[in-house]
Amino acid sequence: MSLLEVDGLGVSYGRRSGRVLSGVSLSVRPGEVVGVVGETGSGKTTLVRAVVGLVPADEGRVTFDGTEVTALRGRRLRAFRRTGGMQLVFQDSLRSLDPDLTVAAIVAEGLTVAGGLTRSEQAERVDEALIRVGLDPALGTRRPGQVSGGQRQRVALARAIAVRPKVLLCDEPASALDASSRNQVLLLLDRLRRELGVAIVMISHDLTSLAGLVDRVAVLFGGRLVEQGPVGEVFGDPAHPYTALLVASAPSIGARPLGRSAASLRPARDRESWPHGGGCRYAPLCPFATADCAVEPPREERADGRTVACHHAETWSDLVGQTRGALT
Ligand SMILES: Nc1ncnc2c1ncn2[C@@H]1O[C@H](COP(=O)(O)OP(=O)(O)OP(=O)(O)O)[C@@H](O)[C@H]1O
């Protein structure tokens, strides 16, 4: 049973932006960690904002714990948000945390909004959340500018978990940090998932950050999911040429897709004239694309929890190497 179901989600920011997300489907089970990876501008932030109802969807549905979030408006949407079942954690905690509030007041924000707790119960929950993320409750009197970047990100996580959510939506939660603080935040997320049973959707452009943490991964390109499945399978044996390129470009994750070099997967640059119809968004760059890829919507093959949207999913890997000279 999935806790969060995203079904055919489409989003645009007005007519001029065009479709920023199209036909995105994703499901998250209780306690599961799902990674969403994609390059800058692929729509990752838009996806998490649309999931919590901060950006309206213009097609598709988001259902969380039995509630269709995309059908909620106005008062009902605000009431749903107050329950705190889904919590967003942003990349830049210096900007997302109110600089004038103390750490304790920040962590208490969601609890105040949800209501129903006495002052002392609320203070207890704040201390409990700070301890849970590895911070001394004595830090509660400081302001965001008076703690380190790594500590600030922990404060953002403490704020999110204080309301006991079922899903944390983390948008590049560690990418603004130095390597050591980044690792600590990733380890902390892993611990929170184990100790609290909270599901996590983790957005990142960095495969390495996702590799050791997530159960499943979805790959976004140009606002569409090109592939998703168990992380070991997707990173170990990519079914979409774009995923293969990402994996080959991230040697630190230890996977060796097809045993080939990144060069054979290198994007083609000679297809600018190809029509951008309803076909595969990656077609103009894909070294294995044929002309119909650009106009025909790619099939979504589903088997064993894996999905791949590629016309040549079964055959492109056989062409690696042969096509390089011909198409790139
Ligand atoms: N408020 C907005 N108004 C108009 N266009 C927007 C808005 N927010 C995002 N976009 C556009 O939507 C597309 C997807 O942006 P989004 O921020 O979701 O991508 P992203 O994958 O999260 O990128 P990054 O990794 O840089 O954060 C981009 O082309 C962006 O310019």
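Keep in mind it's a predicted model, so treat the numbers as computed, not measured.

About the criteria used
Residues numbered from 1 in each chain as written. Predicted model: local features only at pLDDT ≥ 70, side-chain atom pairs only at ≥ 80, totals over all residues. Helix = DSSP H or I, 4+ residues; strand = E, 2+ residues; numbered from the N terminus. Rg over C-alpha atoms; globule rule 2.2 N^0.38 Å. Buried ≥ 20, exposed ≤ 12 C-beta atoms within 10 Å, placed from the backbone. Contact = placed C-beta atoms within 7 Å. Near = placed C-beta within 6 Å. Nonpolar A, V, L, I, M, F, W, Y, C, P; charged D, E, K, R; others polar. Pairing = 2+ DSSP bridges. Core = buried A, V, L, I, M, F, W, Y, C linked by C-beta atoms within 7 Å. Domains from an automatic or database assignment.

*Asks:* Give me the lowdown on the overall build of the protein, citing residues and values where you can.
*Replies:* Counting its secondary structure elements, the protein contains twelve helices and twelve strands. Its C-alpha radius of gyration of 21 Å places the protein within 12% of the 20 Å reference for a compact globule of 328 residues. Along the first, second and third principal axes, the C-alpha atoms of the protein reach 70 × 40 × 35 Å. Sorting the 328 residues of the protein into buried and exposed places 44% on the buried side. Put simply, of all contacts in the protein between residues at least 6 apart along the chain, 62% involve residues at least 24 apart.

*Asks:* Mind laying out the site of the ligand, listing which residues take part and the relevant values?
*Replies:* Around the ligand, the surrounding shell consists of Tyr13, Ser17, Val20, Gly38, Thr40, Gly41, Ser42, Gly43, Lys44, Thr45, Thr46 and His205. When grouped by side-chain class, the residues that make up the shell around the ligand number two nonpolar, nine polar and one charged.

*Asks:* Explain helix 2 (residues 74–83) to me, and be specific about the residues and the numbers.
*Replies:* Here helix 2 lies mainly on the outside; zero of its ten residues are buried. Phi turns positive, to about 70°, at Gly84, one or two residues after helix 2.

*Asks:* If you had to explain the sheet that holds strand 1 (residues 4–12) to someone new, which residues and values would you point to?
*Replies:* Spatially, four strands are ordered 2-1-4-5 in an open sheet, and the strand pairing comes out antiparallel. Each having just a single partner strand, strand 2 (19–28) and strand 5 (67–68) make up the two edges of the open sheet. For strand 1 and strand 2, the ladder comprises six bridges, and the chain directions are antiparallel. Residue Glu5 lies in a different strand from strand 2, and its bridge partner there is Ser27.

*Asks:* Help me get a handle on the nonpolar core, residues and values and all.
*Replies:* Grouped together as the largest cluster of nonpolar side chains are 97 residues, with contacts concentrated most on Val107, Ala158, Val201 and Val219. Here the element with the most residues in this core is helix 6 (residues 149–162); it accounts for seven residues. In this structure, this core is formed jointly by two domains, domain 1 (4–214) and domain 2 (220–327), each of which donates at least three residues. Aside from chain neighbours lying at most four places away, what touches Ala158 is Val107, Ala129, Leu130, Arg132, Val133 and Leu135.

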